[in-house]
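The lines below spell out each chain.
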Amino acid sequence: YPGELTLSSNGKLYGIARLGGTRGRGTLYEYDPPTSTFAKKYDFQSDGGTGLGYLTQASNGKFYGTYGGFSLFEFDPATGEYEPKVNNLISGPLNLIQSMNGKLYGVTSGGGAANSGTLFEYDIPSNTHTKKIDFNLAPNGSRPQGNFAQYGTKLIGMTME
(Lines give C-alpha, C1' and ligand atoms only; values in the text may rest on other atoms or scores of the structure.)
Protein backbone atom coordinates (compact mmCIF):
# COMPACT_ATOMS: atom_id res chain seq x y z
CA TYR A 1 0.00 0.00 0.00
CA PRO A 2 2.04 2.97 -1.18
CA GLY A 3 1.40 6.50 0.03
CA GLU A 4 1.81 9.64 -2.02
CA LEU A 5 5.00 10.20 -4.02
CA THR A 6 7.13 13.31 -3.52
CA LEU A 7 9.48 14.61 -6.21
CA SER A 8 12.87 15.45 -4.72
CA SER A 9 15.24 18.19 -5.82
CA ASN A 10 17.56 15.33 -6.94
CA GLY A 11 14.96 14.29 -9.56
CA LYS A 12 13.98 11.06 -7.77
CA LEU A 13 10.60 10.16 -6.30
CA TYR A 14 10.24 9.24 -2.63
CA GLY A 15 7.36 7.62 -0.82
CA ILE A 16 6.25 5.52 2.11
CA ALA A 17 4.68 2.09 1.77
CA ARG A 18 2.19 1.22 4.48
CA LEU A 19 3.21 -2.42 4.78
CA GLY A 20 6.26 -4.52 3.96
CA GLY A 21 9.85 -4.25 5.04
CA THR A 22 11.68 -6.45 7.51
CA ARG A 23 9.03 -6.10 10.24
CA GLY A 24 5.95 -5.62 8.07
CA ARG A 25 5.57 -2.03 9.29
CA GLY A 26 6.32 -0.32 5.99
CA THR A 27 9.25 1.23 4.19
CA LEU A 28 10.53 4.54 2.92
CA TYR A 29 11.56 4.09 -0.70
CA GLU A 30 13.14 5.88 -3.66
CA TYR A 31 12.33 5.53 -7.35
CA ASP A 32 14.52 6.93 -10.12
CA PRO A 33 12.31 7.41 -13.24
CA PRO A 34 15.10 7.69 -15.88
CA THR A 35 16.67 4.38 -14.84
CA SER A 36 13.49 2.69 -13.51
CA THR A 37 15.44 1.88 -10.35
CA PHE A 38 13.62 1.21 -7.10
CA ALA A 39 15.49 1.26 -3.77
CA LYS A 40 14.26 0.67 -0.24
CA LYS A 41 15.83 3.37 1.97
CA TYR A 42 14.45 2.59 5.43
CA ASP A 43 12.44 -0.17 7.10
CA PHE A 44 10.12 1.19 9.76
CA GLN A 45 10.48 -0.71 13.01
CA SER A 46 8.24 0.46 15.81
CA ASP A 47 8.23 4.10 14.70
CA GLY A 48 4.60 4.67 15.60
CA GLY A 49 3.02 1.59 14.03
CA THR A 50 1.87 1.09 10.48
CA GLY A 51 0.01 3.68 8.48
CA LEU A 52 0.20 5.94 5.49
CA GLY A 53 2.91 8.53 5.67
CA TYR A 54 3.62 11.75 3.87
CA LEU A 55 6.89 13.41 2.91
CA THR A 56 7.81 17.07 2.46
CA GLN A 57 11.23 18.18 1.26
CA ALA A 58 12.32 21.23 3.24
CA SER A 59 14.62 23.99 2.07
CA ASN A 60 17.56 22.20 3.76
CA GLY A 61 17.15 19.34 1.23
CA LYS A 62 15.96 16.86 3.85
CA PHE A 63 12.59 15.16 3.90
CA TYR A 64 10.27 15.44 6.86
CA GLY A 65 7.45 13.03 7.16
CA THR A 66 4.78 11.56 9.34
CA TYR A 67 4.33 7.91 9.86
CA GLY A 68 2.04 5.57 11.71
CA GLY A 69 -0.22 8.23 13.06
CA PHE A 70 2.02 9.58 15.78
CA SER A 71 5.58 10.35 14.70
CA LEU A 72 7.50 12.92 12.70
CA PHE A 73 10.90 12.05 11.24
CA GLU A 74 13.72 13.45 9.12
CA PHE A 75 15.30 11.63 6.17
CA ASP A 76 18.35 12.90 4.31
CA PRO A 77 18.31 11.62 0.69
CA ALA A 78 21.98 12.57 0.25
CA THR A 79 23.22 10.33 3.08
CA GLY A 80 20.29 7.92 3.57
CA GLU A 81 20.17 8.85 7.25
CA TYR A 82 16.81 8.49 9.03
CA GLU A 83 16.18 10.22 12.35
CA PRO A 84 13.00 10.27 14.47
CA LYS A 85 12.23 13.82 15.57
CA VAL A 86 8.90 13.91 17.44
CA ASN A 87 6.90 11.01 18.86
CA ASN A 88 3.35 11.06 20.20
CA LEU A 89 2.05 13.80 17.91
CA ILE A 90 -1.40 13.91 19.48
CA SER A 91 -3.22 11.78 16.83
CA GLY A 92 -3.14 11.01 13.14
CA PRO A 93 -0.79 13.55 11.52
CA LEU A 94 -1.53 14.23 7.88
CA ASN A 95 0.60 16.21 5.46
CA LEU A 96 3.29 18.77 6.27
CA ILE A 97 4.07 22.06 4.58
CA GLN A 98 7.08 24.33 4.99
CA SER A 99 5.99 27.91 5.47
CA MET A 100 7.84 31.02 4.33
CA ASN A 101 9.06 31.36 7.93
CA GLY A 102 10.98 28.07 7.48
CA LYS A 103 8.86 26.14 9.97
CA LEU A 104 6.87 23.02 9.13
CA TYR A 105 3.14 22.94 9.77
CA GLY A 106 0.89 19.92 9.90
CA VAL A 107 -2.59 18.94 10.97
CA THR A 108 -3.90 15.96 12.86
CA SER A 109 -7.27 14.38 12.21
CA GLY A 110 -7.88 13.70 15.90
CA GLY A 111 -6.60 14.73 19.28
CA GLY A 112 -6.66 18.17 20.78
CA ALA A 113 -9.07 19.64 23.33
CA ALA A 114 -12.21 18.44 21.52
CA ASN A 115 -10.60 15.37 19.89
CA SER A 116 -11.37 17.06 16.55
CA GLY A 117 -7.80 17.64 15.40
CA THR A 118 -5.02 20.17 15.75
CA LEU A 119 -2.67 22.36 13.75
CA PHE A 120 0.95 22.00 14.89
CA GLU A 121 4.23 23.71 14.13
CA TYR A 122 7.65 22.08 13.95
CA ASP A 123 10.79 24.23 14.11
CA ILE A 124 13.63 22.38 12.34
CA PRO A 125 16.69 24.09 13.92
CA SER A 126 15.42 23.85 17.50
CA ASN A 127 13.61 20.49 17.06
CA THR A 128 10.54 21.86 18.85
CA HIS A 129 6.93 20.90 18.30
CA THR A 130 4.13 23.28 19.29
CA LYS A 131 0.37 22.83 19.07
CA LYS A 132 -1.07 26.01 17.51
CA ILE A 133 -4.81 25.37 17.15
CA ASP A 134 -7.36 22.94 18.55
CA PHE A 135 -10.08 22.29 15.98
CA ASN A 136 -13.46 22.28 17.72
CA LEU A 137 -16.16 23.13 15.15
CA ALA A 138 -16.79 26.89 15.35
CA PRO A 139 -14.90 28.96 14.34
CA ASN A 140 -12.12 26.66 13.02
CA GLY A 141 -14.09 23.59 11.91
CA SER A 142 -13.15 20.07 12.96
CA ARG A 143 -11.32 16.99 11.66
CA PRO A 144 -8.97 18.53 9.08
CA GLN A 145 -8.61 16.56 5.86
CA GLY A 146 -6.43 16.61 2.77
CA ASN A 147 -3.66 18.97 1.82
CA PHE A 148 -3.35 22.60 2.73
CA ALA A 149 -1.46 25.46 1.13
CA GLN A 150 0.13 28.75 1.98
CA TYR A 151 -1.47 31.87 0.54
CA GLY A 152 0.58 34.94 1.44
CA THR A 153 1.22 34.60 5.15
CA LYS A 154 -1.82 32.37 5.78
CA LEU A 155 -2.24 28.61 5.74
CA ILE A 156 -5.46 27.50 4.10
CA GLY A 157 -6.96 24.04 4.44
CA MET A 158 -10.19 22.13 4.74
CA THR A 159 -12.02 20.38 7.54
CA MET A 160 -14.73 17.72 7.46
CA GLU A 161 -17.12 19.78 9.60
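Quick notes on the rules
Residues numbered from 1 in each chain as written. Predicted model: local features only at pLDDT ≥ 70, side-chain atom pairs only at ≥ 80, totals over all residues. Heavy atoms only, no water. Phe/Tyr/Trp six-rings, centres within 6.5 Å; stacked < 30°, edge-to-face > 60°. Helix = DSSP H or I, 4+ residues; strand = E, 2+ residues; numbered from the N terminus. Salt bridge = Lys/Arg side-chain N within 4 Å of Asp/Glu carboxyl O. Buried < 20%, exposed > 50% of the residue type's maximum accessible area, 1.4 Å probe, protein only. Pairing = 2+ DSSP bridges.

A. Structural context of the packing of aromatic side chains. In total, this model carries nine aromatic pairs according to the counting rule given. Ring centres 3.7 Å apart and planes at 10° place the aromatic pair Tyr 42 and Tyr 82 in the stacked group. Taken together, the residues span a long stretch of sequence, with Tyr 42 in strand E4 (residues 37–43) and Tyr 82 in strand E8 (residues 81–86) at a distance of 40 residues. With 5.7 Å between their ring centres and 65° between their planes, Phe 44 and Phe 73 make a pair best called edge-to-face.

B. Representation of the pattern of salt bridges in the model. With the rule as written, the count across this model stands at seven salt bridges. Put simply, Lys 12 and Glu 30 hold a salt bridge, and the shortest N to O gap is 3.7 Å. Highlighted residues: Lys 12 in the loop between strand E1 (6–7) and strand E2 (13–17) and Glu 30 in strand E3 (residues 27–32), separated in sequence by 18 residues. For Glu 30, a relative accessible area of 9% translates into the label buried. Across the pair Glu 83 and Lys 85 runs a salt bridge whose closest N-O atoms are separated by 3.4 Å. Residues joined by salt bridges that share partners form a network here, namely Lys 103, Glu 121 and Lys 132.

C. Structural detail: unusual backbone geometry. Look at Ser 36: it is not a glycine, yet its phi comes out positive at around 55°. Mapped onto the elements, Ser 36 comes out in the loop between E3 and E4. Unlike most non-glycine residues, Asn 115 shows phi in positive territory, near 55°. When you line up the elements, Asn 115 lands in the loop between strand E10 (104–108) and strand E11 (118–123).

D. Layout of the sheet that holds E3. Pairing within the open sheet is antiparallel, and its four strands lie in the order E1-E2-E3-E4. The open sheet has two edge strands, E1 and E4, and neither has a second partner. With six bridges connecting them, E3 and E4 associate as antiparallel partners. Looking at the pairing, Tyr 29 lines up with Lys 40 of E4.

Any link to function would need more than the numbers given here.
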